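Architecture at a glance
What follows is the residue order along each chain.
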Amino acid sequence: MALLLLILWGPVLLATGIAFALRLTLLRRAPRMGARDAVIAAVVGGVPTVIVVAPRAGTFGMGPALWWDLGQQAALPLILGIIGIVLLSLPARSAQMSASAQLTPRTVRTFLRLRGPIVLALLVALTLTLTVAAGAASETDDLGRHTLFTITLGTSGTSASTGIYGWYHSLPSLALLAALVVVAVLAWLRIPRPPWGEDIAHDTAVRRTRADNISRLACGAVLLHLAVVLHSLRGTASVMLSAPANDLGMISLGTPFAAMEPALFVAATVATVAGLALWLLTALSGIPLGARRQAPVPTS
């Protein structure tokens, strides 16, 4: 019981601790957002986290037991990520601006750190690699859906089948993954469009935080999607086939990637922790830690 609790809630608690630690250390100097932006950050980071984590409580009867199939579980983080990014890209309330402020150039590179798109591209590439590999290994079930993985014992014809993250489950998620990337790119491109406010330095810092939050939401969504895929592949890797072989007794046969089961479990756990931490960090980014920003003093 204690081990099951640790497996279910350990990643959530660890992700929460990491998010708070990062907010209080590396991101302590993050700019104070306006009330609207702070609420949006809290909603797009906090609500999806609760939606993804809530079904874990259902295991002990403490929350909703949602019996989603594998395809729905894999698609959920991507859908939540897309919705969150769309909300973050909503145009900000128009601010007062001065003529001198318009002389300062605004480009995507002014606000977007390259590490965000680079990490997102690497995660997408890894996800595509695993998805294509699992899809290619999948076979059709009785309904003609690519959801099965079969192992056969020699030439005896003895075989066993188990579920796998095949084309039936993965194709909708591939479409959502492409949509997530497109929405993230469009959201980054929208950040420089509004005119400068009177305090250019603060405006720049706030927009950089928005760009970072878009990166966190997108990368977190892919990581949590990847965690579902890895958990599924781990279950497939654990399947064993046993059959009698005359004088040799019972012979057992595992999947070709059975040795990867522990690594798949660790990778899925790391992806879960990292994804939840990024979403929680987005929610915490709107919480003010420093002194309240003073309004600019008008000059005569």
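As the structure is a prediction and not an experimental result, all values here were calculated from the model.

1. With respect to the pattern of salt bridges
- In this structure the tally under the stated criterion is five salt bridges.
- Across the salt bridge formed by aspartate 37 and arginine 36, the nearest N and O atoms sit 3.1 Å from each other.
- Residue classification places aspartate 37 among the buried positions, given a relative accessible area of 19%.
- By relative accessible area, which is 29% here, arginine 36 ends up partly exposed.
- Where aspartate 141 meets arginine 145, a salt bridge forms, and the shortest distance between an N and an O atom there is 3.1 Å.
- On the accessibility criterion, aspartate 141 (14% relative accessible area) is buried.

2. Some thoughts on a nonpolar patch on the surface
- A cluster of nonpolar side chains, Val39, Val43, Val47, Ile51, Trp68, Ile79, Ile83, Leu87 and Leu90, forms an exposed patch at the surface whose accessible area comes to about 680 Å².
- Residue assignment for the nonpolar patch shows that the elements contributing at least two residues are helix 2 (35–57) and helix 3 (70–88).
- The dominant element in the nonpolar patch, judged by the number of residues it contributes, is helix 2, at four residues.

3. So, helix 7 (residues 200–237)
- Between its terminal C-alpha atoms helix 7 stretches 54 Å, which fits the 56 Å expected from 38 residues at 1.5 Å a residue.
- You can read the cap of helix 7 off the contacts: a side-chain oxygen lies 3.4 Å from the backbone nitrogen of alanine 201, and it is on aspartate 199.

4. Points about the packing of helix 7 against helix 8 (residues 261–284)
- It is the contact of helix 7 with helix 8, at a shortest axis distance of 7 Å, that shows an interaxial angle of 155 degrees. On the basis of their axis angle, the class for helix 7 and helix 8 is roughly antiparallel. Remark: the crossing between helix 7 and helix 8 carries left-handed chirality.
- In the contact of helix 7 with helix 8, the residues fall into 19 nonpolar, six polar and three charged.

5. Quick look at the packing of aromatic side chains
- Counting across every chain of the model gives one aromatic pair.
- It is arginine 145 that lies over the ring of tyrosine 168; its NZ or CZ is 4.8 Å from the centre.

6. Some thoughts on empty space enclosed by the protein
- Enumeration over the complete set of coordinates arrives at one cavity of 30 Å³ or more.
- Roughly 70 Å³ of internal volume is contained in the largest cavity.
- The dominant element in the lining of the largest cavity, judged by the number of residues it contributes, is helix 2, at four residues.
- Considering only residue class, the lining of the largest cavity consists of six nonpolar, one polar and three charged.

7. Points about the side chain of histidine 225
- Looking at where histidine 225 falls in the secondary structure, it is placed in helix 7.
- Residues within four places of histidine 225 in sequence aside, it is in contact with Ala74, Pro77, Leu78, Thr127, Tyr165 and Ser173.

8. Observations regarding the confidence of the model for the protein
- Per-chain confidence: the protein averages 83 in pLDDT, with 79% of residues scoring 70 or above.
- Confidence scores differ between elements of the protein, with strand 5 (residues 250–254) showing the lowest mean pLDDT of 59 and helix 6 (residues 167–190) the highest of 96.
- Of the regions scoring below 50 in pLDDT, residues 293–300 engages in four contacts with residues more than four places distant in sequence or in other chains.

So, how was this worked out
- Residues numbered from 1 in each chain as written.
- Predicted model: local features only at pLDDT ≥ 70, side-chain atom pairs only at ≥ 80, totals over all residues.
- Heavy atoms only, no water.
- Salt bridge = Lys/Arg side-chain N within 4 Å of Asp/Glu carboxyl O.
- Buried < 20%, exposed > 50% of the residue type's maximum accessible area, 1.4 Å probe, protein only.
- Patch = residues over 30% accessible without salt bridge, like charges linked within 9 Å, V, L, I, M, F, W, Y side chains within 5 Å.
- Areas by Shrake-Rupley, 256 points an atom, 1.4 Å probe, with all protein chains shown as cover.
- Helix = DSSP H or I, 4+ residues; strand = E, 2+ residues; numbered from the N terminus.
- Expected span 1.5 Å × (residues − 1).
- Polar contact = N/O pair within 3.5 Å; in protein donor to acceptor, adjacent residues only side chain to side chain.
- Axes fitted to C-alpha atoms, helices over the stretch in contact; angles between N-to-C directions.
- Parallel < 35°, antiparallel > 145°, perpendicular 65-115°, else oblique.
- Left-handed = near helix turned anticlockwise from the far one by under 90°.
- Nonpolar A, V, L, I, M, F, W, Y, C, P; charged D, E, K, R; others polar.
- Phe/Tyr/Trp six-rings, centres within 6.5 Å; stacked < 30°, edge-to-face > 60°.
- Lys NZ or Arg CZ within 6 Å of the ring centre and 35° of its normal.
- 1 Å grid on protein atoms, 1.4 Å probe; cavity = no way out; pocket = protein on both sides within 12 Å on 5 of 7 lines; lining within 4 Å.
- Points joined across faces, edges and corners; volume = space filled by probe spheres on them.
- Contact = heavy atoms within 4.5 Å.
- pLDDT = per-residue confidence, 0-100.

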